[in-house]
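Structure assessment
In case you want the letters, here they are:
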Amino acid sequence: MGVEFVVFMTLPGLVILLIGVAFADQLLRAVGWGGRSGQVSSTGFEQLHASFSPGKRNELDERRATLMLRDEEGDGAPPRSRVDLGRGTARIVVPGPDPRG
């Protein structure tokens, strides 16, 4: 094993490695390689932040749980506004004053 591996096993080495990955990620996104919209490097920084902050760990766990839930079409309130892309029209309903007070 080389010295490089030992350096990246320390916390400062991990931060240096993450900065290098972030730089490479931004460079590859700038030239259009990969065709994705998200940033890979931000995941590493979020995990590093979560290792020092319990609140961040809870946030990441909550985000992961939310992504697992399925959105059903009929779960929410019925839509009041409608957009018809075929005709190029939009009907927007502005809610009036509440009659209950």
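Quick summary incoming for the structure in this document. Since the structure is predicted, the reported quantities are computational estimates derived from the model, not experimental observations.

Some thoughts on the overall build of the protein chain
Helices and strands together make up the secondary structure of the protein chain, namely four helices and two strands. For the protein chain, the N- to C-terminal ordering of α and β elements is α-α-α-α-β-β. By sequence separation, contacts in the protein chain at least 24 residues apart represent 17% of the contacts at least 6 residues apart. Here the protein chain displays about 8800 Å² of accessible surface, and carbon together with sulfur accounts for 63% of that area.

Description of the pattern of salt bridges
Applying the stated criterion across every chain yields a total of four salt bridges. Its salt-bridge partner being Asp 61, residue Arg 64 comes within 3.0 Å of it at the nearest N-O pair. With a gap of three residues between them, Arg 64 and Asp 61 both fall in helix 4 (residues 54–68), about one helical turn apart. Taking relative accessible area as the criterion, Arg 64 reaches 45% and is therefore assigned partly exposed. Through salt bridges with shared partners, one network takes in Lys 56, Glu 59 and Arg 63.

Describing the environment of Val 94
If you trace the backbone, Val 94 turns up in the segment after strand 2 (89–91). Each C-alpha atom of the pair Val 94 and Ser 81 lies 8.5 Å from the other, and the pair is 13 residues apart in sequence.

Notes on helix 2 (residues 11–30)
Its 20 residues give helix 2 an end-to-end C-alpha distance of 29 Å, which sits within 8% of 28 Å, the value for a rise of 1.5 Å per residue. Looking at helix 2, one finds that the buried residues are Gly 13, Leu 18, Ala 22 and Asp 25. N-cap assignment for helix 2: the residue whose side-chain oxygen lies 3.2 Å from the backbone N of Gly 13 is Thr 10.

The rules behind these values
Residues numbered from 1 in each chain as written. Predicted model: local features only at pLDDT ≥ 70, side-chain atom pairs only at ≥ 80, totals over all residues. Heavy atoms only, no water. Helix = DSSP H or I, 4+ residues; strand = E, 2+ residues; numbered from the N terminus. Contact = heavy atoms within 4.5 Å. Areas by Shrake-Rupley, 256 points an atom, 1.4 Å probe, with all protein chains shown as cover. Salt bridge = Lys/Arg side-chain N within 4 Å of Asp/Glu carboxyl O. Buried < 20%, exposed > 50% of the residue type's maximum accessible area, 1.4 Å probe, protein only. Expected span 1.5 Å × (residues − 1). Polar contact = N/O pair within 3.5 Å; in protein donor to acceptor, adjacent residues only side chain to side chain.

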